[in-house]
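# A look at the structure
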Amino acid sequence: MDPMEKIFGKTAQMTVLKNLIEHQNESTYLSGIAEETGLSHSSVSRVITPLIASGIVIEKPLGKQIRTFQLNMDNEATRLIIDFYNNINQMLG
């Protein structure tokens, strides 16, 4: 079991956040996150909304229908979350 799951449980939001952390220097699509995590497209869409609202994730439109997502590395909370993720994985992983 993943160290983060041991502490926080396995939730869709945690799964999406972990996926974004693991690809922190890349933009991705809802369908890409869904495919990599095994979550439904609607679940990813639902849980990524509060991450965008909090400034942890940046949403960029690509045309009229497509949106890309990436961690907001300029956000201090994002950097703290990544540091926590890395530290907890080193300690418990």
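For the structure, check the block above.
Residues numbered from 1 in each chain as written. Predicted model: local features only at pLDDT ≥ 70, side-chain atom pairs only at ≥ 80, totals over all residues. Heavy atoms only, no water.

This part covers the overall build of the protein. Assigned secondary structure in the protein consists of five helices and three strands. Along the protein, from the amino end to the carboxyl end, the secondary structure elements read α-α-β-α-α-β-β-α. For a compact globule of 93 residues, the expected C-alpha radius of gyration is about 12 Å, and the protein comes in at 13 Å, within 12% of that figure. Overall, the C-alpha framework of the protein stretches about 45 × 30 × 20 Å when taken along its three principal axes. Across the 93 residues that make up the protein, the buried fraction comes to 40%. Long-range contacts, defined as pairs at least 24 residues apart, comprise 48% of the intrachain contacts of the protein with a sequence gap of at least 6. Side-chain charges in the protein split into 8 positive and 10 negative, and the spacing between the mean points of these groups amounts to 6 Å. (Helix = DSSP H or I, 4+ residues; strand = E, 2+ residues; numbered from the N terminus. Rg over C-alpha atoms; globule rule 2.2 N^0.38 Å. Buried < 20%, exposed > 50% of the residue type's maximum accessible area, 1.4 Å probe, protein only. Contact = heavy atoms within 4.5 Å. Lys, Arg positive; Asp, Glu negative; His and termini not counted. Charge placed at Lys NZ, Arg CZ, Asp CG, Glu CD.)

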